[in-house]
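Structural characterization, general
In case you want the letters, here they are:
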Amino acid sequence: MARTTRRSTTHLSRRLVQLYAGLALYGASSALLVRAELGLEPWGVLHQGLAELTGISIGVVSIIVGAVVLLLWIPLRQRPGLGTVSNVFVVGLAMDGTLAVVGELDGYGFRVPALVLGIVLNGVATGLYIAARFGPGPRDGLMTGLNRVTGRSIRLVRTAIEVAVVATGFVLGGSLGVGTVVYALAIGPLAQLFLRVFALPEPTGPAVTAVPGITTAPGEPSTPAPPLGSGPVAAPAPGQAILPQ
């Protein structure tokens, strides 16, 4: 019994490490895309546009937008997990922290590698935190909630959300460019690859929810790659971006 409890505790600890490492790395990778100045991911365009408009740091804007999106879960009857709430704060803080350390980059000799590194690390981060199975990010939960309420396909709902987000962000001064296109094409395959790399086996014996004070996301499946729904978001089809926020 004690051995089983230790295994469950170890499994939970690894999930928590993956969750917060993934969220922190996601914020850092997003900061590299900002420094590359070659175009941001869809929600990054909105965050940057709002930051330009308000004078607030882009990381803080990310936190505010994440909190507002999370409020939209209420009428959609979505239930957040630990990862959902953590996502709102950790990504923005990591982003601002990285921007404070990594200064502006001069020339394509620095900016192009920063773009490539940012996209690859974004894929690693996505695999880490989604494989931890603590719930989807606020923006992914908005997508799955609208999918359930409207009956429209995930692809259609996601496309509509991202077009609206990118258009609004661009009008506000957010950065669109080749990096936006490369990100959209690359993040799906990268996320799918790293979801497999970081997939966690299910522990034998009592579920990890037996540990006091920690609960898994509602509807959490028993397979390493979770499906779309109120639980964590599944790996996207190649070419389809996945938003870990």
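Look above for the structure.
Quick summary incoming for the structure in this document. (Residues numbered from 1 in each chain as written. Predicted model: local features only at pLDDT ≥ 70, side-chain atom pairs only at ≥ 80, totals over all residues. Heavy atoms only, no water.)

Another point: the overall build of the chain. What the chain contains, in helices and strands, is nine helices and zero strands. Listing every helix and strand of the chain by position from the N terminus yields α-α-α-α-α-α-α-α-α. By the burial criterion, 49% of the 245 residues in the chain qualify as buried. Expressed as a percentage of contacts within the chain between residues at least 6 apart in sequence, the contacts between residues at least 24 apart total 82%. In the structure as shown, the chain presents an accessible area of about 10,900 Å², 69% of it carried by carbon and sulfur atoms. (Helix = DSSP H or I, 4+ residues; strand = E, 2+ residues; numbered from the N terminus. Buried < 20%, exposed > 50% of the residue type's maximum accessible area, 1.4 Å probe, protein only. Contact = heavy atoms within 4.5 Å. Areas by Shrake-Rupley, 256 points an atom, 1.4 Å probe, with all protein chains shown as cover.)

The subject of this paragraph is the pattern of salt bridges. Summed over the entire model, instances satisfying the criterion amount to two salt bridges. Among the ionic pairs, aspartate 140 bridges to arginine 158, the shortest N-O distance being 3.4 Å. Residue aspartate 140 is found in helix α7 (residues 138-150), and its partner arginine 158 is found in helix α8 (residues 154-171); the two are separated by 18 residues along the sequence. Across the pair glutamate 162 and arginine 158 runs a salt bridge, and its minimum N-O distance is 3.1 Å. Pair noted here: glutamate 162 and arginine 158 are both in helix α8, with a separation of four residues, about one helical turn. Since its relative accessible area comes to 14%, glutamate 162 is described here as buried. The exposure class of arginine 158 is buried, given its relative accessible area of 6%. Put simply, Asp140, Arg158 and Glu162 are held in one network by salt bridges that share partners. (Salt bridge = Lys/Arg side-chain N within 4 Å of Asp/Glu carboxyl O.)

Looking now at unusual backbone geometry. What is expected of a backbone is that most residues other than glycine have negative phi and most peptide bonds are trans. Here glutamate 37, not a glycine, exhibits a phi torsion of approximately 55°, which is positive. Relative to the assigned elements, glutamate 37 resides in the loop between α1 (2-36) and α2 (42-54). Of the residues examined, glutamate 37 reaches a relative accessible area of 43% and is grouped as partly exposed. Unusually for a residue other than glycine, arginine 133 sits at a positive phi of about 60°. Looking at where arginine 133 falls in the secondary structure, it is placed in the loop between α6 (108-131) and α7.

Once that is clear, we can look at the nonpolar core. Counting residues in hydrophobic clusters, the biggest one holds 46 residues, and the most contacted among them are Trp43 and Ile161. For this core, the element with the highest residue contribution is α6, accounting for nine residues. When residues no more than four places from it in sequence are discounted, the contact partners of isoleucine 161 are Trp43, Leu142, Met143 and Leu146. (Core = buried A, V, L, I, M, F, W, Y, C linked by side-chain atoms within 4.5 Å.)

We now examine the environment of histidine 11. Mapped onto the elements, histidine 11 comes out in helix α1. Separated by 121 residues in sequence, histidine 11 and alanine 132 have C-alpha atoms that sit 9.9 Å apart.

With that settled, consider the packing of α2 against α8. Contact geometry of α2 with α8 gives a least axis separation of 7 Å together with a crossing angle of 30°. By the angle between their axes, α2 is roughly parallel relative to α8. The handedness of the crossing between α2 and α8 is left-handed. Contact with α2, carried on its side by Pro42, Trp43, Val45, Leu46 and Gly49, involves Ile161, Glu162, Val165, Val166, Thr168, Gly169 and Phe170 of α8 and no other residues of that element. Within the contact of α2 with α8, the residues separate by chemical class into eight nonpolar, three polar and one charged. (Axes fitted to C-alpha atoms, helices over the stretch in contact; angles between N-to-C directions. Parallel < 35°, antiparallel > 145°, perpendicular 65-115°, else oblique. Left-handed = near helix turned anticlockwise from the far one by under 90°. Nonpolar A, V, L, I, M, F, W, Y, C, P; charged D, E, K, R; others polar.)

All right, on to the side chain of arginine 15 then. Mapped onto the secondary structure, arginine 15 falls in helix α1. On the accessibility criterion, arginine 15 (0% relative accessible area) is buried. Among the polar contacts listed, one links the side chain of arginine 15 to the backbone oxygen of arginine 133, at a separation of 2.7 Å. (Polar contact = N/O pair within 3.5 Å; in protein donor to acceptor, adjacent residues only side chain to side chain.)

Tracing the chain through its elements places leucine 190 in helix α9 (residues 178-197). Once the C-alpha coordinates of leucine 190 and alanine 125 are considered, the two residues, 65 residues apart in sequence, prove to be 9.9 Å apart. With residues near it in sequence (within four places) discarded, leucine 190 still touches Ile119, Val120 and Gly123.

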